[in-house]
Amino acid sequence: MAGWVEREERRGEERRGEERRGEEERRGEERRGEERRGTEHRNTHKNTLYNGRPSAGGSPYMSLVLLKIMLSGAHFQDSGVFFVEDAEVASLRRARDLKFICEKIIPWKPAEILRLIYNLSNQMGPLHQDDFERTLLTLVYTAQQVINSTSEHQRYMWKGSFVSLYKAIKQDLTGIN
């Protein structure tokens, strides 16, 4: 009988030990899961701009995906909200990335665009990828604003911004003013 009691005590200790190890493993998995989630959040976008922001660039395949997004009826609303008309295309991860970039990173207020143009005019050497992408997407936005302008004054202002951004991109690509 004493042997049975000892065996049961050992089994109880083993179970408690297993439970403790199981609890420690669960905590470890939770910690690793939190770290993974944090890493996934940071690494959701394989191409990133500085400060962990998504990038529009990447492989030729990604460039084709972005072209498909743009050709599917993507446009900016007056409030600066980026909108893709095709629901299937809008559900793509790259479309969400582009929406984030267009709404949070590129300037859409005239004062912000003028500040970007000023900074580009003082830029020495080639643009960094994030600056180039920001400038190119801002150029697309200003082109749409030229088309959607309701007054001649607005159209003139947006045209000037468009031309300045175009010159900055041309300067960066060719190295010639």
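Residues numbered from 1 in each chain as written. Predicted model: local features only at pLDDT ≥ 70, side-chain atom pairs only at ≥ 80, totals over all residues. Heavy atoms only, no water.

Caption draft 1: Structural view of a nonpolar patch on the surface. Taken together, the side chains of Leu64, Leu67 and Leu71 define a hydrophobic patch exposed on the protein surface, amounting to about 340 Å² of accessible area. Here leucine 67 shows up in helix 2 (residues 60–71). The partly exposed category is assigned to leucine 67, whose relative accessible area is 45%. (Patch = residues over 30% accessible without salt bridge, like charges linked within 9 Å, V, L, I, M, F, W, Y side chains within 5 Å. Areas by Shrake-Rupley, 256 points an atom, 1.4 Å probe, with all protein chains shown as cover. Salt bridge = Lys/Arg side-chain N within 4 Å of Asp/Glu carboxyl O. Helix = DSSP H or I, 4+ residues; strand = E, 2+ residues; numbered from the N terminus. Buried < 20%, exposed > 50% of the residue type's maximum accessible area, 1.4 Å probe, protein only.)

Caption draft 2: View of the layout of surface pockets. Here the largest pocket is characterised by a volume of approximately 280 Å³. If you trace the largest pocket, you find 15 residues lining it, with Leu120, Gln123, Ala168, Gln171 and Asp172 closest to the centre. Elements that contribute at least two residues to the lining of the largest pocket include exactly helix 5 (110–121) and helix 7 (152–174). Element by element, the count of residues in the lining of the largest pocket is highest for helix 7, at five residues. (1 Å grid on protein atoms, 1.4 Å probe; cavity = no way out; pocket = protein on both sides within 12 Å on 5 of 7 lines; lining within 4 Å. Points joined across faces, edges and corners; volume = space filled by probe spheres on them.)

Caption draft 3: The arrangement of the pattern of salt bridges in detail. Under the defined criterion, the tally for this structure stands at five salt bridges. Aspartate 97 is the partner of arginine 94 in a salt bridge, and the nearest nitrogen-oxygen pair spans 3.6 Å. With a gap of three residues between them, arginine 94 and aspartate 97 both fall in helix 4 (residues 93–105), about one helical turn apart. For aspartate 97, a relative accessible area of 3% gives the class buried. Of the charged contacts, one joins aspartate 130 and arginine 134 as a salt bridge, the two residues approaching to 3.8 Å between their closest N and O atoms. Here arginine 134 and aspartate 130 lie together in helix 6 (residues 129–148), a separation of four residues that amounts to about one turn. For the pair aspartate 130 and arginine 134, one class covers both residues: buried.

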